[in-house]
Amino acid sequence: MSEAFASHAADRRELTAAQRNAVAELLRVSPVADELGRRFARAGHELHLVGGSVRDALLGRLGEDLDFCTDAHPDQTIKIVRGWAESIWETGREFGTIGCQRDGLRLEITTFRAEAYDQVSRNPIVVYGTCLVDDLKRRDFTVNAMAVSVPEHRFTDPYGGLADLAAKVIRTPGTPRESFGDDPLRMLRAARFAAQLRFTVHPDVREAMTRMAADLDRITAERIRDEFTKLLCGADPITGLRLLVDTGLAERFLPELTGLKLEIDEHAQHKDVYEHTLTVVSNAMSMEDGCDFVLRMAALMHDVGKPATKAVGPDGRVSFHHHEVVGARLTKARMKALRYPKDVTAQVVKLVGLHLRFYGYGRGEWTDSAVRRYVTDAGDLLSRLHKLTRSDCTTRNRRKAAQLATDYDALEERIARIAAEEDLARVRPDLDGNAIMELLGVPPGPVVGKAWQHLKELRLERGPLERDEAEAELLRWAREQRVIS
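The model shown is predicted, which means the values in this text are computed figures rather than measured ones. (Residues numbered from 1 in each chain as written. Predicted model: local features only at pLDDT ≥ 70, side-chain atom pairs only at ≥ 80, totals over all residues. Heavy atoms only, no water.)

J.: Give a detailed account of the overall build of the protein chain, specifying residues and quantitative values.
T.: Helix and strand counts for the protein chain stand at 25 helices and 13 strands. In the protein chain, which comprises 485 residues, the proportion classed as buried is 51%. In the protein chain, of all internal contacts separated by at least 6 residues, the share reaching a separation of at least 24 is 64%. Carbon and sulfur atoms provide 48% of the accessible area of the protein chain, an area that totals close to 22900 Å². (Helix = DSSP H or I, 4+ residues; strand = E, 2+ residues; numbered from the N terminus. Buried < 20%, exposed > 50% of the residue type's maximum accessible area, 1.4 Å probe, protein only. Contact = heavy atoms within 4.5 Å. Areas by Shrake-Rupley, 256 points an atom, 1.4 Å probe, with all protein chains shown as cover.)

J.: Tell me about the pairing of strand β4 (residues 97-102), residues and numbers included.
T.: Counting buried residues in β4 gives five out of six residues, a clear majority hidden from the surface. Sheet topology places strand β3 (residues 87-89) next to β4; three bridges connect them, and they run antiparallel. Within β4, the residue paired with W89 across the bridge is G99. By the bridge criterion, six bridges tie β4 to strand β5 (residues 105-111) in an arrangement that is antiparallel. For G99, the partnering residue across the bridge sits in β5 and is E108. Here β4 hands over to β5 after two residues, with D103 in that stretch at a positive phi of 50°. (Pairing = 2+ DSSP bridges.)

J.: Go over the pattern of salt bridges with me, naming the residues and quoting the values.
T.: By the definition in use, this model includes 28 salt bridges. With a shortest N-O distance of 3.9 Å, D215 and R218 are connected by a salt bridge. A single salt-bridge network, built from bridges that share partners, covers D140, R189, R192 and E227. (Salt bridge = Lys/Arg side-chain N within 4 Å of Asp/Glu carboxyl O.)

J.: Account for the nonpolar core, with residues named and values stated.
T.: Core analysis: the biggest nonpolar cluster contains 104 residues, and F68, F228 and L244 have the highest contact counts within it. Of all the elements, helix α9 (residues 185-197) adds the most residues to this core, at nine residues. The next biggest cluster of nonpolar side chains, apart from the first, holds 15 residues, and it includes L431, M437, V448 and L474. (Core = buried A, V, L, I, M, F, W, Y, C linked by side-chain atoms within 4.5 Å.)

J.: Tell me about unusual backbone geometry, and name the residues and values.
T.: Residue P151 is reached from V150 by a cis peptide bond, and omega for that bond is 10°. With respect to the helices and strands, P151 occurs in the loop between β8 (147-149) and β9 (155-156). Positive phi, close to 50°, is recorded for D103, a residue that is not glycine. With respect to the helices, strands and loops of the structure, D103 is situated in the loop between β4 and β5. On the basis of relative accessible area, D103 is assigned to the exposed category, the value being 52%.

J.: Break down the state of the cysteines for me, with residues and values.
T.: One pass over the full model with this rule turns up one disulfide. The disulfide that involves C233 links it to C291, with 2.2 Å between the sulfurs. In this structure, the disulfide formed by C233 and C291 twists by about -60° around the S-S bond and is classed as left-handed. A residue pair is termed long-range when its members are at least 10 positions apart, and C233 in the loop between α11 (221-232) and α12 (237-247) and C291 in the loop between α15 (273-285) and α16 (293-301) qualify at 58 residues. (Disulfide = S-S within 2.5 Å.)

J.: Break down the packing of helix α20 (residues 368-378) against helix α21 (residues 382-391) for me, with residues and values.
T.: Between α20 and α21, the shortest axis-to-axis distance is 8 Å and the interhelical angle comes to 110°. Between α20 and α21, the crossing angle belongs to the class labelled roughly perpendicular. In this structure, α20 contributes Y374, V375 and A378 to the contact, and α21 contributes L382, L385, H386 and T389. Looking at the contact of α20 with α21, its residues break down into five nonpolar, two polar and no charged. (Axes fitted to C-alpha atoms, helices over the stretch in contact; angles between N-to-C directions. Parallel < 35°, antiparallel > 145°, perpendicular 65-115°, else oblique. Nonpolar A, V, L, I, M, F, W, Y, C, P; charged D, E, K, R; others polar.)

J.: Now, about the sheet that holds β8: what can you tell me, with residues and values included?
T.: Strand order in the open sheet formed by seven strands is β3-β4-β5-β2-β1-β8-β9, with mixed pairing between adjacent strands. At either margin of the open sheet sits one strand with a lone partner, and together these are β3 and β9. Inspection of the sheet shows β8 paired to β9 by two bridges, in the antiparallel sense. Bridged to V148 within β9 is F155. The strands that helix α3 (residues 30-42) touches are β1 (47-50), β2 (65-70), β4 and β5; relative to β5, the one it contacts most, it runs at about 35°.

J.: So what's going on with α11? Residues and values would help.
T.: Here α11 is 12 residues long and its end C-alpha atoms lie 16 Å apart, about the 16 Å a rise of 1.5 Å per residue gives. What α11 keeps buried is the set I224, R225, E227, F228, L231 and L232. Buried residues along α11 sit against α9, α12, α13 (250-253) and α16. (Expected span 1.5 Å × (residues − 1).)

Given below as structure tokens:
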């Protein structure tokens, strides 16, 4: 976005400058966009770059995926792009959308719509329209309800999207209640845009989100998951998360987050565990290289087991014993309900379950065996576990914070020292399955697996063993288990 636009957006002349800025940004893709526009014009049809593409052009961040709208119907669109596009797809044809690719750009062309929704699901009853302004009115937010014609580059903004973009405000083209009644997912999208773009939600929109939060139940888990993932990976997820909780939307699909507001942490360092959690998410973000969804989700969920494990001791101090175990179970159930992939869920659950393991290290109780187990249990999540554990230190007691940081520095140094002596990333028994079967004279089966596990535990406890020592230990175990006489 131009500096003039950012500084003087209220001035009409500066808005015109912003329009010129958007057009300038479009010049990067205009060889393709304008050529496509001329093809539609020759066929007697309009073509407009629209929605998020125009918004992103104004923000100076136009990507490789471009959205267009037209008065041409899908069959007519296919005829126009056939022979020009490098590839064509019709997966969105039911909703009037034809996709194609040209010169590395993905183009989606949708017929003007004047659709209604069935008020039960979010699925639209598609009715083709004939007017660009009506098409823009059915879009979610004013900042997505702007268009630029191609090849003329004529700017259309009937609902004040440019002014809202300058003011960084999220509003709906029509009334929020009508918009969210048509498609409740838009409420979650408002929170997502607040997180991604650092925009403020207009009070009228916020009020409608609060009043209509229960309507989110009409939306499928998969679509909620996708919007929430984008929110959590936004530039400012804390703002988005607060909006979800304050409007009651979180209660519809992530009640564990709202539940954290009920619990005071055991050190009384935060107003509640909810505030602590948001701080941990923010801390984790500061250690990332780009968005790490697994780390952010683990930071968000790491304390969700506290409400169920709260206990007050004789001295009045609050404790949450084994909340990491309960939290891991709750996290698994919630991510399953939101249809997250099993591998992603497993990683987040493991981090939640391990996030307390470090505490106690500073008391000098950890042996080399404990360090090996810490590394082995974390596996390829060790780097993320380091970040999560450090992020979880939110105490305002500077001396205590410094001591925790020093203790964790010492643990990482100790891991590095032991790793230099042993291959901690691949801790394996000193004898493999073939050696176990040969030594014990047993075929493949459960006995081999139990023997292998015993040797691995021994390896974690004592470190690498000489071959003779490992064989002697295996034979001793086998006699105790009566595998051999």
